Amino acid sequence: MTSENTQPPQSGPIGVFDSGYGGLTILRDIMRRMPGYDYVYLGDNARAPYGTRSFELVYRFTLQAVRYLFSRGCPLVILACNTASAKALRNIQQRDLPGIDPSRRVLGVIRPTAEAVGRISATGHVGILGTQGTVASGSYDIEVAKLHPGFSTYTHACPMWVPLVEYGEATGPGADYFVKKDVDALLAMSPGIDTVILGCTHYPMLIDKIRRYVPAGINVVSQGRIVADSLADYLRRHPEMEARLTRGGTVSYLTTENADKFSATASAFMDGAVRAHTITL
Ligand code: DGL
């Protein structure tokens with residue numbers, strides 16, 4: 001290829017994607033860790049939850065979102081969603097990205113979380129709570145076994161937790177019933193569990209209730225800081241990507257559902273007021 005044909009690599013914001021509100025728990029920690037960059041958050045609230053959907057649908061929806069964020073100029077997109085990371089990331093990285101633009105990157109949240117488990121668990125018995133899709137994919141079992149041979153993983157799906165968050169019931173009394181039921185079911189799988197991974201980015205929005213039902217002495221691990229540290233490390237190791245990220249300190253919030261509803265929910269969770277816009281994928 002001659003130099004005249006070579007497009008300069010595009011610069012732009014970091015894209016953060018989730019099926020709905022959950023990825024905000026990742027975005028908040030990334031922005032605290034790396035405040036100077038520009039960010040675009042996209043929540044596919046109109047089609048959440050993804051956790052009960054087929055592999056094919058999660059892949060198709062996630063690819064649409066990634067393409068959309070690329071069209072907004074993002075050189076780098078974080079799938080801040082375990083279900084999408086489990087069901088779509090590999091295909092997108094290996095099958096789609098080379099044809100779309102091999103210089104862009106899409107990263108997930110499962111691998112950095114599985115890496116962190118080795119630093120957190122002393123017993124090597126690790127419980128993971130996630131969506132049905134994430135649990136059925138076996139992604140955590142596979143990644144933890146690869147990185148920490150000898151560790152045992154116990155996974156349990158919590159199909160009601162994402163709807164509780166998406167429908168604004170996370171702090172209501174009804175949530176207690178489902179949180180206790182699923183925490184008890186996970187911990188009953190092994191008395192040795194000393195670490196519970198919240199393997200769905202929506203779950204930190206239920207953190208007060210989760211802590212209420214997980215006995216003291218068991219670590220409850222949210223992914224936000226783990227993913228933020230891992231991203232900072234990635235950018236240190238990939239200065240060519242870091243140089244393409246713009247640094248205006250801005251953040252745009254996009255949703256496929258009602259913008260006012262998204263703004264109200266996100267403002268209660270993020271550090272500043274949020275004004276979202278509705279887009280169509
Ligand atoms: N936040 C997504 C995850 O981490 C939730 C998936 C869903 O929409 O069910 O898995």
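Up top is the structure.
Just so it is clear, the model here is predicted, and its values are computed rather than measured.

1. A few points about the pairing of strand S5 (residues 125–130)
Burial of S5 is extensive: five of the six residues sit out of reach of the surface. Relative to strand S6 (residues 152–157), S5 is paired through six bridges, and the arrangement is parallel. Pairing of Gly127 across the sheet is with Tyr154, part of S6. With four bridges connecting them, S5 and strand S7 (residues 195–198) associate as parallel partners. Across the sheet, Gly127 pairs through a bridge with Val196, a residue of S7.

2. Re the sheet that holds S6
Across a sheet, strands are paired by hydrogen bonds formed along the backbone, either parallel or antiparallel in direction. Reading across the sheet, the four strands line up as S6-S5-S7-S8 and stay open at both edges, with parallel pairing between neighbours. Either end of the sheet is taken by a strand with one partner, and the two such strands are S6 and strand S8 (219–221). Averaged over all pairs of adjacent strands, the angle between strand axes in this sheet comes to 20°, irrespective of strand direction. Together, S5, S6 and S7 form the strand contacts of helix H9 (residues 173–187), whose direction differs from that of S6 by roughly 155°.

3. Some remarks on the packing of aromatic side chains
What characterises a pair of aromatic rings is the spacing of the ring centres plus the angle enclosed by the ring planes. In this structure the tally under the stated criterion is eight aromatic pairs. Ring geometry for Phe17 versus Tyr50: centroids 6.2 Å apart, planes at 50°, classification tilted. A residue pair is termed long-range when its members are at least 10 positions apart, and Phe17 in strand S1 (residues 14–18) and Tyr50 in the loop between strand S2 (39–43) and helix H2 (55–71) qualify at 33 residues. Classification of Phe17 as buried rests on a relative accessible area of 0%. Residue class for Tyr50 comes out buried when judged on its relative accessible area of 1%. On the basis of an interplanar angle of 65° and a centroid distance of 4.7 Å, the ring pair of Trp161 and Tyr203 is categorised as edge-to-face. Linking Trp161 in helix H8 (residues 161–166) with Tyr203 in the loop between S7 and helix H10 (207–213), this pair joins segments that are 42 residues apart in sequence.

4. Here's the deal with the side chain of His202
Following the sequence through the fold, His202 ends up in the loop between S7 and H10. Polar contacts involving the side chain of His202 include one to the main-chain amide nitrogen of Gly22, which spans 3.4 Å. For His202, the side chain forms a polar contact with the side chain of Glu166, separated by 2.7 Å. Setting aside residues no more than four positions away along its own chain, His202 makes contact with Asp18, Ser19, Gly20, Tyr21, Gly22, Val162, Val165 and Glu166.

5. Some remarks on the pattern of salt bridges
All chains considered together, the criterion is met by 13 salt bridges. The closest approach of N and O atoms between Arg247 and Glu242, which form a salt bridge, is 2.9 Å. Judged by its relative accessible area of 56%, Arg247 falls in the exposed class. When its relative accessible area of 21% is taken as the criterion, Glu242 is described as partly exposed. Linked through salt bridges whose partners overlap, the residues forming this network are Arg111, Glu115, Glu143 and Lys146.

6. Side note on the site of the ligand
The environment of the ligand is made up of 13 residues, and the closest members are Ser19, Tyr50, Gly51, Thr83 and Thr201. Asp18 places a side-chain nitrogen or oxygen 2.9 Å from a nitrogen atom of the ligand. Within the side chain of His202, a nitrogen or oxygen atom sits 2.8 Å from a nitrogen atom of the ligand. The residue makeup of the shell around the ligand, split by class, is five nonpolar, seven polar and one charged.

7. A closer look at helix H7 (residues 139–147)
Of all the positions in H7, only Ser139, Tyr140, Glu143 and Val144 are classed as buried. Seen along its axis, H7 keeps its buried residues to an arc of 115°; they face one direction. What points out from H7, more than 90 degrees from its buried face, is the exposed set Ile142 and Lys146. Elements in contact with the buried residues of H7: helix H3 (82–87), helix H5 (110–120), S5, helix H6 (132–137) and S6.

Calculation criteria
- Residues numbered from 1 in each chain as written.
- Predicted model: local features only at pLDDT ≥ 70, side-chain atom pairs only at ≥ 80, totals over all residues.
- Heavy atoms only, no water.
- Buried < 20%, exposed > 50% of the residue type's maximum accessible area, 1.4 Å probe, protein only.
- Helix = DSSP H or I, 4+ residues; strand = E, 2+ residues; numbered from the N terminus.
- Pairing = 2+ DSSP bridges.
- Axes fitted to C-alpha atoms, helices over the stretch in contact; angles between N-to-C directions.
- Contact = heavy atoms within 4.5 Å.
- Phe/Tyr/Trp six-rings, centres within 6.5 Å; stacked < 30°, edge-to-face > 60°.
- Polar contact = N/O pair within 3.5 Å; in protein donor to acceptor, adjacent residues only side chain to side chain.
- Salt bridge = Lys/Arg side-chain N within 4 Å of Asp/Glu carboxyl O.
- Near = heavy atom within 4 Å.
- Nonpolar A, V, L, I, M, F, W, Y, C, P; charged D, E, K, R; others polar.
- Arc of directions from axis to C-beta.

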